[in-house]
Amino acid sequence: MDILLIGGLWLDGSAWDEVAAALGPLGHRPVPITLPGQGDGSTSATLDDQVAAVLAALDAAQDKVIVVGHSAACTLAWLAADARPERVAKVVFVGGFPATDGGIYADFFPIDEGVMPFPGWGPFEGPDAADLDEETRRRMAAAWVPVPEGVAKAVVSLADERRFDVPVVIVCPEFTPAQAQEWIDAGDVPELARVKHIDFVDIDSGHWPMVTRPTDLARLLAEA
């Protein structure tokens, strides 16, 4: 099966290199996506541009696909399911949850000259980055790409309620499956409260398992 891999803020398609290398021998075709504005040199890309890139990859597949979204890109994966519910076999959320219709995509950090740069490791101290040594942090930060304002501050638009029929898997890195279920039950993730089938999978990592546990993450995706 084709498995579309969408990285979160600041990540380009190369973030999935080790996961992709492990998925091939497991019998699947990984499709890491470099999003407009996150690796192609554009600073004017919009969320619509990113959605279009994901849908182009989805439409290029011969059969149904699994769409994997990491962190903020969980919303991108969900937008793909909203746009093509009949073409998405499953959505996998890694370390995040989708925004609601009318919500803002990812206005989390300050904008500087039209882009949202990586703010440094301070906001991520604790469970998010606990498994990252200093060299890994340096390497990751050096590779990351500022996210265009037109992406970060975009309004999310969801329209097709058939998205709730698409099965969902939540991969839980820096939080537990029990915590994720509690957040859904409490109404903190309205979109997922309406999904008809959700599975939870635990992975012992921080927020970036594609970096620190790529082989294990690939196995979990293959099992999904």
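Residues numbered from 1 in each chain as written. Predicted model: local features only at pLDDT ≥ 70, side-chain atom pairs only at ≥ 80, totals over all residues. Heavy atoms only, no water.

**Details of unusual backbone geometry**
Item 1. Despite not being glycine, Trp10 has its phi angle at roughly 75°, a positive value.
Item 2. Topologically, Trp10 is positioned in the loop between β1 (2–6) and α1 (17–23).
Item 3. Exposure remark for Trp10: the relative accessible area of 3% places this residue in the buried category.
Item 4. Positive phi, normally seen in glycine, also occurs at Ser71, with a value near 55°.
Item 5. As for its position among the elements, Ser71 is in the loop between β3 (65–70) and α3 (74–83). (Helix = DSSP H or I, 4+ residues; strand = E, 2+ residues; numbered from the N terminus. Buried < 20%, exposed > 50% of the residue type's maximum accessible area, 1.4 Å probe, protein only.)

**Describing the sheet that holds strand β7 (residues 168–172)**
Item 1. Across the sheet, which stays open at both edges, the six strands sit in the order β2-β1-β3-β4-β7-β8 with parallel pairing between neighbours. Edge positions in the sheet fall to β2 (29–33) and β8 (198–202), since each has one partner strand and no second. Taken over all neighbouring pairs, the strand axes of this sheet differ in orientation by 20° on average, direction set aside.
Item 2. Here helix α2 (residues 47–60) sits on the sheet and contacts β1, β2, β3 and β4 (88–94); the angle it forms with β1, its principal contact strand, is near 170°. (Pairing = 2+ DSSP bridges. Axes fitted to C-alpha atoms, helices over the stretch in contact; angles between N-to-C directions. Contact = heavy atoms within 4.5 Å.)

**Remarks on the pairing of β3**
Item 1. Most of β3 sits out of view: six of its six residues are buried.
Item 2. Covered by surrounding structure in β3 are Val65, Val67 and Gly69 together with Ile66, Val68 and His70, the residues of both alternating faces.
Item 3. The pairing of β1 with β3 spans five bridges and is classified as parallel. For Ile6, the partnering residue across the bridge sits in β3 and is Gly69.
Item 4. As paired strands, β3 and β4 are joined by six bridges and run parallel to one another. Looking at the pairing, Val65 lines up with Val88 of β4.
Item 5. Chirality of the crossover, the property in question, places the unit of β3, α3 and β4 among those that are right-handed. (Right-handed = clockwise from strand over helix to strand, strands pointing away.)

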